[in-house]
Amino acid sequence: MPRLWDGAAITIKITAIAVCVGMVIGMVMALSKLSKIWPLRIISNVYIECLRGTPLYVQILLFHFGVPGLMNSLDGVSGFHFSVMTTAIVVCSLNSGAYIAEIFRSGIQSIDRGQMEAARSLGMSHTKAMRYIILPQAVKRVIPPLCNEFIVLLKDTSLLAVIGVTEILKTGQIYIATTYAPFPAYIGVASVYLILTFTISRVVNYIEVKWNMSSK
Amino acid sequence: MIEVKDLHKSFGKLHVLTGITETIKDQEVVCVIGPSGSGKSTFLRCLNLLEEPTSGSILVDGVEITDEKNDVNKIRENMGMVFQRFNLFPHMSVLDNITLAPMKVKGVDKAKAEAEAMELLKKVGLVEKAKVYPDNLSGGQQQRVAIARALAMHPDIMLFDEPTSALDPEMVGEVLNVIRDLAKEGMTMVIVTHEMGFAREVADRVLFIDGGKVLEQGTPQELFGNPQQERTKNFLAKVL
């Protein structure tokens, strides 16, 4: 079934972009949540609660159909829409950003208070202490939960089939539509997911071991 | 010179420092002793603003450090601190632990920072450990690196917060030797310690803090030899 691999390429692309963007959003939101500046704390709290508190499935539908619908009814012009890939990448990035924000926040807070105190006592600013002392240790510590989030997101991209993104599940469904053979199709779909997630966990494991050997 | 005037510190309802007034002269070595929970560590941590005083004034070389207009980072550059639990940066080698602050705070170039770091490691007797990570050092070695790290910023004042309390007994000596050398070089130091023998030997002056106040102070001979206050006598009777 060669087409499943075409679907896998799209799944990987969406997941990879969403995780990268999600990490940037997550870092910004985690630092905002821990900030002394209260408006930043409120923004990050609202963002995290809203995106964690609603199903990804609903977020996809809301963004893909709801938002263009609203815009078209507002300015009376019909035809505004997002491409399915735009929706896929935007929604998945925003969604994973919220989870990754909480991962980073807990990672930062897990670093012993003495580390910050030692850095500050040497004359480093809060920003410098974060950058050189706290974050490098925190990032290392959050690799396992980050890997977990990566795997969850990869699996959850299957929800994008509903708007017609030709990722793994959708290609399987197209196959069924032409062959009427659901069992081999779904087994194939499941296998491709398993191969991908297993590969991710192996690679991350390898990086983790190597990192731990090189420093600390 | 550090001039502390009527220093108070509360954590919520807990009044930890209840009015400390004290002057520490240049090149003076002051040891702070007292029971646990007496406020001696809090007093020390107020001196470089790791704890923000609730009220009172702290002048360091004439600069009011509790004034928010003064740059706290600049003030701390001049005051090294050594912690009970070392607090070395575990993700960096010994050498990087020492060179980080001079490079990132003062902008010293790498070669110069490393040369100085090696000098400091020689001073604390750990040249061969430059490339090692802190986890692979004993407690005594870690604390000596922590002292070298603080010295790398060329502070005028060093603060020690129970530097030997977390060490195995056989490692206390090597750390105290390093501190003793600093005292001989004329470093201004405030040392919170439970090592009474060391305090007696190295201190110019000893402060006995209890209940958030300096209850009694004097030269080691005065304080250990002829304590005036009942509480001081009781405390010394227990620890000596």
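Residues numbered from 1 in each chain as written. Chains lettered and ligands numbered in written order. Predicted model: local features only at pLDDT ≥ 70, side-chain atom pairs only at ≥ 80, totals over all residues. Heavy atoms only, no water.

With that out of the way, let us pick up the overall build of chain B. Secondary structure summary: chain B contains nine helices and 10 strands in total. Relative to the 2.2 N^0.38 estimate, which gives 18 Å for 240 residues, the radius of gyration of chain B is 18 Å and therefore close to what a compact globule would have. Dimensions along the principal axes, computed over C-alpha positions, put chain B at roughly 55 × 45 × 30 Å. Across the 240 residues that make up chain B, the buried fraction comes to 57%. Looking at chain B alone, contacts between residues at least 24 apart form 65% of all its contacts between residues at least 6 apart. Accessible surface for chain B amounts to roughly 10200 Å². Of this, 48% is attributable to carbon and sulfur atoms. Positive and negative charge centroids in chain B, built from 28 and 35 side chains respectively, lie 2 Å apart. (Helix = DSSP H or I, 4+ residues; strand = E, 2+ residues; numbered from the N terminus. Rg over C-alpha atoms; globule rule 2.2 N^0.38 Å. Buried < 20%, exposed > 50% of the residue type's maximum accessible area, 1.4 Å probe, protein only. Contact = heavy atoms within 4.5 Å. Areas by Shrake-Rupley, 256 points an atom, 1.4 Å probe, with all protein chains shown as cover. Lys, Arg positive; Asp, Glu negative; His and termini not counted. Charge placed at Lys NZ, Arg CZ, Asp CG, Glu CD.)

All names here are of chain B. Taken in spatial order, the four strands of this open sheet run β2-β1-β4-β5, and their pairing is antiparallel. Every other strand in the sheet has two partners, leaving β2 (14-24) and β5 (63-64) as the edge strands with one partner each. Here five bridges tie strand β1 (residues 2-11) to strand β4 (residues 55-60), and the two strands are oriented antiparallel to one another. Its bridge partner being in β4, Val4 is matched across the sheet by Ile58. Along the sheet, helix α1 (residues 40-47) makes contact with β1, β2 and β4, crossing β1 at roughly 120 degrees. (Pairing = 2+ DSSP bridges. Axes fitted to C-alpha atoms, helices over the stretch in contact; angles between N-to-C directions.)

What follows is about the sheet that holds strand β3 (residues 29-33) of chain B. Residues and elements named next belong to chain B. On the basis of which strands lie adjacent, the open sheet formed by six strands has the order β6-β7-β8-β3-β9-β10 and mixed pairing. Edge positions in the sheet fall to β6 (79-82) and β10 (213-218), since each of these pairs with one other strand and no more. On average, adjacent strands in this sheet sit at an angle of 20 degrees to one another, irrespective of strand direction. Two strands pair when backbone bridges link them, and strand β9 (residues 205-210) and β10 are joined in this way by five bridges, in the antiparallel orientation.

This part is about unusual backbone geometry. The backbone phi angle of Leu49 of chain B is positive, close to 65 degrees, even though this residue is not glycine. Among the structural elements, Leu49 of chain B can be located in the loop between α1 and β4.

Okay, the side chain of Asn73 of chain B next. Secondary-structure assignment places Asn73 of chain B in helix α2 (residues 72-77). Using a relative accessible area of 15% as the deciding quantity, one classes Asn73 of chain B as buried. Non-local contacts of Asn73 of chain B, meaning those with residues more than four positions away in its chain, are made with Arg120, Gly123, Met124 and Ser125 of chain A.

Our next topic: the interface of chain A and chain B. Each side of the interface is counted separately: chain A has 21 residues, and chain B has 26 residues. In this assembly, chain A packs against chain B so that about 2000 Å² is buried in total across both faces, 59% of it on carbon and sulfur atoms. At the junction of chain A and chain B, the tally comes to two salt bridges. Measuring nitrogen to oxygen at the nearest pair gives 3.5 Å for the salt bridge that ties Arg85 of chain B to Asp112 of chain A. (Buried area = accessible area lost by both parts, 1.4 Å probe. Salt bridge = Lys/Arg side-chain N within 4 Å of Asp/Glu carboxyl O.)

On to the packing of helix α6 (residues 126-141) of chain A against helix α7 (residues 143-156) of chain A, then. Residues and elements named next belong to chain A. The geometry of α6 relative to α7 is characterised by a closest axis approach of 5 Å and an angle of 55 degrees between their N-to-C directions. Here α6 is positioned oblique relative to α7, judged by the angle of their axes. Within the contact between the two elements, α6 uses Val139, Lys140 and Arg141 and α7 uses Ile143, Pro144 and Pro145. Split into classes, the residues belonging to the contact of α6 with α7 amount to four nonpolar, no polar and two charged. (Parallel < 35°, antiparallel > 145°, perpendicular 65-115°, else oblique. Nonpolar A, V, L, I, M, F, W, Y, C, P; charged D, E, K, R; others polar.)

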